[in-house]
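Here is how the chains run, residue by residue.
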Amino acid sequence: PGSKKDGVTIKVPASSASLVSKNHVDRLVPGLFEEKIAALIKALPKTYRVKLMPVVEKAKCIASEMPMEDKPLFTLLSSFIQKRFGLVIPATLWSDKDLPDHLKMRISIRDDKGKEIKAIRDKAVLNEFLSTSPQKSNAVTLARKKHEQTNIKEWNFKDLEEFIIIDQGREFTQKGYLGLKIETRPGTDMKNKSLALRLFTSPEDALTSHCQGIKMLFQICFPDDFKSLKKDIASNPEIKRIAPFFKSPAKFQTALFDRITTTLFAKNIRTQKDFNTHAQKELGRLYAFGQAFIKIILDLGKEYQACFELIQKLSFQHQDKKKIFNTLTDLFNDLKNLVPQNFADLYPYERIEHLHRYVACIRIRAQRSVDNPIKEEKKAVKLLSYNRHLNSLLSSLSQNTSSEKSRQVEAFFWLLEEYKISLFAPELKTAIKVSAKKLDQVLTRISTMI
């Protein structure tokens, strides 16, 4: 803490700057948090600001009652204000650009001797150190020499902690995250892969890499079980028949194999005991699960082919009727976007098992748009605003979008597919209860996120 003029300074070692949560930097210290919230409210457009009067009283309530979660401050504010006061404020309307300096955290980046390298009140400065000092730190180098292993072919390493302490300083503790990593030797093809235990400075990178590494370790330790699954997929003539709609037969078979093995074996397993327990449980049901998944893919393939061919036939028959032809063209684009060539790589198992219903809905819509175009057009009007909202949300996503908002946008996409079934093909039945009201609630929730 400093003076009223200076505000608060956080001292960050350059070697650890990339590990500091920018969400926490937003909070300042409790003594200034209420004042910062009041200033943020005053900076809102008048339409929203007047509904949070008196500002001092509302700021005090927010500062004392709002949960302190590891989320962007503006997301927390919008979400809390919606629940507490019934006011929806899009998270994008908040701005700290014009706040006085003492309400912005002063970030001081320092070298290993404590000398200040850079000081600024913009938290974006932390991004400048994402790819510099961490990898060059002596502490990281020593930790890697101590913990990393290569050419792993069995669980011959110690059980893995959630994190290890790399460097314990007076002002900051640097953590490291151990995880398996699939590697390819330089100058070789992708088939020549090996497995290593590596030290990561990012928990997210470590988790993603480790889960895939665990999957590969299962395949190394139990090769016969996985060979049988590959054989089942490769020998199925129906899979070869539908493959051309998506990829070449060989690539499509590989994608299906990867989806099955990822679903069952790409897990955050960190002890040898849990590894052996998981192997005993999942290898025993690998054949049955594989056969069930193959059936799901075949059902999807048949429905996709039927839909594809019907739209082509109807488009040819009605090419001189512009409105119907345009509707069929839009539905064909929906089909291609819903089930792209890489759908098996893109979607988790839980999504893939519902795709055949969504494709069937497109097929039914195509036929009914020809049989009764006026009736179908009235139904489509109910969908227009939600499609616009979805397109707007998708175009707004960027690398700065919070993971929570990204997940909610994806959930809205799939909820909209269920809504289409309720509108255009209710005989297919929705997997969950869905309505326009529910879609509106989700959109409101997303609007409070950044």
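This one's a predicted model, so the numbers in the text were calculated from it and none came from an experiment. (Residues numbered from 1 in each chain as written. Predicted model: local features only at pLDDT ≥ 70, side-chain atom pairs only at ≥ 80, totals over all residues. Heavy atoms only, no water.)

1. Examining the sheet that holds strand 4 (residues 164-168)
Here comes step 1: Here three strands make up an open sheet; going across it, the order is 4-5-6 and the pairing antiparallel. Two strands close off the open sheet at either side, each with one partner strand: strand 4 and strand 6 (193-200). With direction set aside, neighbouring strand axes in the sheet form an average angle of 30 degrees.
Here comes step 2: As paired strands, strand 5 (residues 173-184) and strand 6 are joined by eight bridges and run antiparallel to one another. Across the sheet, residue Gly179 finds its bridge partner in strand 6, namely Arg198.
Here comes step 3: Along the sheet, helix 7 (residues 138-147) makes contact with strand 4, strand 5 and strand 6, crossing strand 4 at roughly 150 degrees.
Here comes step 4: Where helix 8 (residues 203-221) meets the sheet, its contacts fall on strand 5 and strand 6, and the angle it forms with strand 5 comes to roughly 40 degrees. (Pairing = 2+ DSSP bridges. Helix = DSSP H or I, 4+ residues; strand = E, 2+ residues; numbered from the N terminus. Axes fitted to C-alpha atoms, helices over the stretch in contact; angles between N-to-C directions. Contact = heavy atoms within 4.5 Å.)

2. Quick notes on the side chain of Ser402
Here comes step 1: With respect to the secondary-structure elements, Ser402 resides in the loop between helix 18 (373-396) and helix 19 (403-424).
Here comes step 2: For Ser402, a relative accessible area of 12% corresponds to the buried category.
Here comes step 3: Sequence-distant contacts of Ser402, that is, excluding residues within four places in its chain, are made with Pro72 and Ile450. (Buried < 20%, exposed > 50% of the residue type's maximum accessible area, 1.4 Å probe, protein only.)

3. Topic: the packing of aromatic side chains
Here comes step 1: According to the stated counting rule, one finds 22 aromatic pairs in the structure shown.
Here comes step 2: Each ring, one from Phe80 and one from Phe85, has its centre 6.5 Å from the other, and the planes form 90 degrees; the classification is edge-to-face.
Here comes step 3: A relative accessible area of 27% places Phe85 in the partly exposed class.
Here comes step 4: Taken together, a centroid distance of 5.1 Å and an interplanar angle of 80 degrees make the contact between Tyr347 and Trp414 edge-to-face. (Phe/Tyr/Trp six-rings, centres within 6.5 Å; stacked < 30°, edge-to-face > 60°.)

4. What to know about the confidence of the model for the protein
Here comes step 1: Mean pLDDT over the protein stands at 87; residues scoring 70 or higher make up 84%.
Here comes step 2: Every residue in residues 130-136 is under pLDDT 50, and counting partners more than four places away or in other chains gives 12 contacts. (pLDDT = per-residue confidence, 0-100.)

5. Quick notes on the packing of helix 14 (residues 322-338) against helix 17 (residues 355-371)
Here comes step 1: Direction vectors running N to C along helix 14 and helix 17 enclose 175 degrees, while the axes themselves pass 10 Å from each other. As summarised for this structure, helix 14 and helix 17 are arranged roughly antiparallel, according to the angle between their axes. Listed contacts from helix 17 to Ile324, Thr327, Leu328, Leu331, Asp334, Leu335 and Leu338 of helix 14 are Leu355, Tyr358, Val359, Ile362, Arg365, Ala366, Ser369 and Val370.
Here comes step 2: In terms of residue class, the contact of helix 14 with helix 17 is made up of 11 nonpolar, two polar and two charged. (Parallel < 35°, antiparallel > 145°, perpendicular 65-115°, else oblique. Nonpolar A, V, L, I, M, F, W, Y, C, P; charged D, E, K, R; others polar.)

6. Looking at the nonpolar core
Here comes step 1: One finds Phe252, Phe343, Leu355 and Phe412 to be the most contacted residues of the largest nonpolar core, which totals 89 residues.
Here comes step 2: Residues in contact with Leu355, not counting those within four places in the same chain, are Leu300, Leu338, Phe343, Tyr347 and Trp414.
Here comes step 3: Ile41, Met66, Phe74 and Ile81 belong to the second-largest nonpolar core, a separate cluster that totals 24 residues. (Core = buried A, V, L, I, M, F, W, Y, C linked by side-chain atoms within 4.5 Å.)

7. Quick notes on unusual backbone geometry
Here comes step 1: Residue Met53 is joined to Pro54 through a cis peptide bond whose omega torsion reads -10 degrees.
Here comes step 2: The topology assignment puts Pro54 in the loop between helix 3 (46-49) and helix 4 (55-65).
Here comes step 3: Backbone geometry at Lys429 places phi at a positive 65 degrees, although glycine is not the residue there.
Here comes step 4: Following the sequence through the fold, Lys429 ends up in the loop between helix 19 and helix 20 (436-447).

8. Description of the packing of helix 17 against helix 19
Here comes step 1: Direction vectors running N to C along helix 17 and helix 19 enclose 40 degrees, while the axes themselves pass 10 Å from each other. As judged from the angle between their axes, helix 17 and helix 19 are oblique. You can see that helix 17 and helix 19 cross each other, and the crossing is left-handed. Contact residues: helix 17 offers Leu355, Arg357, Tyr358, Cys361, Ile364, Arg365 and Arg368, while helix 19 offers Trp414, Glu417, Glu418, Lys420, Ile421 and Phe424.
Here comes step 2: Classifying every residue of the contact of helix 17 with helix 19 gives seven nonpolar, no polar and six charged. (Left-handed = near helix turned anticlockwise from the far one by under 90°.)

9. Comments concerning the pattern of salt bridges
Any two side chains of opposite charge can pair, so long as their charged atoms come close to each other.
Here comes step 1: Counting across every chain of the model gives 18 salt bridges.
Here comes step 2: The partner of Glu162 in a salt bridge is Arg270, with the nearest N and O atoms 3.9 Å apart. Of the two residues, Glu162 sits in the loop between helix 7 and strand 4 while Arg270 sits in the loop between helix 11 (249-265) and helix 12 (272-282), which places them 108 residues apart along the sequence.
Here comes step 3: A residue is classified by how much of its surface remains accessible, and Glu162, at 52% relative accessible area, is exposed.
Here comes step 4: When the shortest N-O distance is used, the salt bridge between Arg357 and Glu418 registers 2.5 Å. Of the two residues, Arg357 sits in helix 17 while Glu418 sits in helix 19, which places them 61 residues apart along the sequence.
Here comes step 5: Classification of Glu418 as buried rests on a relative accessible area of 3%. (Salt bridge = Lys/Arg side-chain N within 4 Å of Asp/Glu carboxyl O.)

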